[in-house]
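Overview (structure and organization)
The residues making up each chain are set out below.
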Amino acid sequence: VHVGYGGDASKVLIFHRAGRVMEAFDHADKIEEDVFVVWNAADGKVERSFGAGMFSLPHGLTVDRDGDLWCTDVDAQQAYRLSEDGDLQLVVGIENERSHDLGGLCRPTEVAVSNYGHFFVADGYCNSRVVRFDEFGDPVAELKLPGAVVAHSIILDDCLNTLLVADRENGRIRVVDAYDGTEQPNVDLSSFGKVYSLTQDEYGNVYALLWDRDVTGRTTLVQLRESGRTRRANSFTLYDSVSLELPGIFYPHDFAVSYNFGRNALDVYVGETGPGATGRVTWFQLDLGASA
């Protein structure tokens, strides 16, 4: 889910599976229906759709500052850069081949893009790592995540050269140097459940979407707030957190957060992989109270 598609704050871009569900095996055929939907939140209407015949099982969506779309396909074992209109520009990974080598991927989940052109692929379901590629799509480095169980989401703080990676099943966020892969203490959110997705708003504030899948079933939005810094070879940000339960969400997978200036509120869009094969997106508006 991405808010602000095409530079319009009311337009939400949804990357979905068109009724296909994730299995233990990989689907070899492409989805024949459109997998991108542009939804106008202002009037509740779908404006357009595209992307038919391109993906076997869509997973992660990132939009960079130039408006390009970065997507992953967990069954094709690839990550892609598309134009804003969906034209294919770049592909990494070996199609339909699960790989543990530097040049391949194994069920990759999401992409983070730097301002200097390099990009980082969370890899993913069957590799505990992040792979860094240069602007041409050539692999540069493997950043290993020892003990990670499903690296499910990734964001980049370009100023600090720091990656935040959702170690989903362990309920943690890994704090990783984007260049050499060294780690600072992770952010333990396991009391809220599994970390399914990470995102940032327009101001760089960091949010996590958690699902207490195995106990209460609750879905929680957590905002990570800076609480201090350490200085070593690089600067890293440490976090404490504030949280809010999101009612009526049962199969959370991805989300987006945007500040609504007119209402002094946060618009939160949560994408679910259920109920049913088609899933859904739910919009929350969280009032931030009167301005000072």
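Below: a short report on this structure. (Residues numbered from 1 in each chain as written. Predicted model: local features only at pLDDT ≥ 70, side-chain atom pairs only at ≥ 80, totals over all residues. Heavy atoms only, no water.)

Considering the overall build of the protein
If you tally the helices and strands in the protein, you get zero helices and 23 strands. Against the compact-globule benchmark of 19 Å for 292 residues, the protein has a radius of gyration of 18 Å, which places it among compact chains. Principal-axis analysis of the C-alpha atoms places the extent of the protein at approximately 55 × 50 × 40 Å. The burial tally for the protein puts 53% of its 292 residues in the buried class. Of all intrachain contacts in the protein linking residues separated by at least 6 positions in sequence, the fraction that spans at least 24 positions is 42%. As presented, the protein carries roughly 12,700 Å² of accessible surface, and 47% of it is formed by carbon and sulfur atoms. (Helix = DSSP H or I, 4+ residues; strand = E, 2+ residues; numbered from the N terminus. Rg over C-alpha atoms; globule rule 2.2 N^0.38 Å. Buried < 20%, exposed > 50% of the residue type's maximum accessible area, 1.4 Å probe, protein only. Contact = heavy atoms within 4.5 Å. Areas by Shrake-Rupley, 256 points an atom, 1.4 Å probe, with all protein chains shown as cover.)

Here we look at unusual backbone geometry
Here the amide bond leading from D123 into G124 is cis, since omega sits at 0 degrees, within 30 degrees of zero. With respect to the helices and strands, G124 occurs in the loop between β10 (119–123) and β11 (129–133). Across the junction of G274 and P275, the peptide omega takes the value 0 degrees, indicating a cis bond. Mapped onto the secondary structure, P275 falls in the loop between β22 (265–272) and β23 (280–287).

Some remarks on the state of the cysteines
Where two cysteines share a covalent bond between their sulfur atoms, that bond is called a disulfide. If you walk through the whole model with that rule in mind, you get one disulfide. There is a disulfide in this structure between C106 and C126, and the S-S distance comes to 1.9 Å. Here the S-S torsion is close to -100 degrees, and the disulfide linking C106 with C126 is therefore left-handed. Note that C106 is positioned in the loop between β8 (88–92) and β9 (110–113) and C126 in the loop between β10 and β11, a separation of 20 residues in sequence. Judged by relative accessible area, which is 28%, C126 ranks as partly exposed. No disulfide involves C71; its nearest neighbouring cysteine sulfur is the one of C126, lying 19 Å away. (Disulfide = S-S within 2.5 Å.)

Concerning the pairing of strand β14 (residues 162–167)
Summarising burial for β14: six of the six residues are buried, a large majority. Burial of β14 is two-sided: the residues T162, L164 and A166 facing one way and the residues L163, V165 and D167 facing the other way are all buried. Where strand β13 (residues 151–157) meets β14, six bridges bridge the pair, whose relative direction is antiparallel. If you follow I155 over to β14, its bridge partner there is L164. Hairpin connection of β13 to β14: four residues between the antiparallel strands, including N161 at a positive phi of 50 degrees. Direction of pairing for β14 relative to strand β15 (residues 172–177): antiparallel, over a ladder of six bridges. When the sheet's bridge partners are listed, L163 is paired in β15 with V176. The turn joining β14 and β15, which pair antiparallel and follow one another in sequence, is formed by four residues; a positive phi near 65 degrees is taken by G171. (Pairing = 2+ DSSP bridges.)

Description of the packing of aromatic side chains
Summed over all chains, the structure comprises 16 aromatic pairs. Ring centres of F36 and F55 lie 6.0 Å apart, and the angle between their planes is 70 degrees; on these two criteria the pair is classed as edge-to-face. Taken together, the positions of F36 in strand β3 (residues 36–40) and F55 in the loop between β4 (45–50) and β5 (58–63) put the pair 19 residues apart, joining distant regions of the chain. By relative accessible area, F55 is classed as buried at 1%. Seen in terms of ring centroids, Y116 and Y179 are 6.3 Å apart; in terms of plane orientation they differ by 10 degrees. Their pairing is stacked. Residue Y116 is found in the loop between β9 and β10, and its partner Y179 is found in the loop between β15 and β16 (183–188); the two are separated by 63 residues along the sequence. Residue class for Y179 comes out partly exposed when judged on its relative accessible area of 39%. (Phe/Tyr/Trp six-rings, centres within 6.5 Å; stacked < 30°, edge-to-face > 60°.)

All we've got here are geometric facts, nothing functional implied.
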